[in-house]
Amino acid sequence: MDDRRKRILYRATHRGTKEADFVVGGFFQEVVAGLPDGKLDEAEALLEVLALDLMDWLMGRLPVPTAWNGT
């Protein structure tokens, strides 16, 4: 795995809460190696989102912003 993907994986598994580390980190552990180069900027931007906000989106407590919901 190249250095950029390693950094993404590290950031995904060190989010600040155990729950976010598990959920977000677990996802990235599965996909980061096969993530196309064109999606790495998007992955890094997603990891800039606060862990609490991201978990609220994932758990359905808050709606996912349009920029991130794929529509």
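Each remark here, short or long, concerns the structure printed above.
Here the structure is a predicted model, which means the values were calculated and not measured.

K.L.:
How do you make sense of helix α2 (residues 18–31) when you look at a structure like this?
P.N.:
Along an α-helix, residues three or four apart share an orientation, since each turn contains 3.6 residues. The end-to-end C-alpha distance of α2 is 20 Å, a good match for the 20 Å that 14 residues give at a rise of 1.5 Å each. If you look at α2, its biggest bend is around 25°, right at Gly25. All of the buried residues along α2 are Ala20, Val24, Gly25 and Phe28. For α2, the secondary structure elements touched by its buried residues are α1 (3–13), α3 (40–46) and α4 (51–58).

K.L.:
Looking at this structure, I do not really get α1. What am I missing?
P.N.:
Along α1, the residues classified as buried are Arg5, Ile8, Leu9, Ala12 and Thr13. Buried residues of α1, viewed axially, fall in a sector of 125°; they line one side. Exposed side chains of α1 directed beyond 90 degrees from the buried face belong to Asp3, Arg7 and Tyr10. In this structure, the buried residues of α1 make contact with α2 and α3. With a side-chain oxygen positioned 3.0 Å from the backbone nitrogen of Arg4, the residue opening α1 is Asp2.

Parameters and conventions
Residues numbered from 1 in each chain as written. Predicted model: local features only at pLDDT ≥ 70, side-chain atom pairs only at ≥ 80, totals over all residues. Heavy atoms only, no water. Helix = DSSP H or I, 4+ residues; strand = E, 2+ residues; numbered from the N terminus. Expected span 1.5 Å × (residues − 1). Bend = angle between axes of the 7 residues up to and from the residue. Buried < 20%, exposed > 50% of the residue type's maximum accessible area, 1.4 Å probe, protein only. Contact = heavy atoms within 4.5 Å. Arc of directions from axis to C-beta. Polar contact = N/O pair within 3.5 Å; in protein donor to acceptor, adjacent residues only side chain to side chain.

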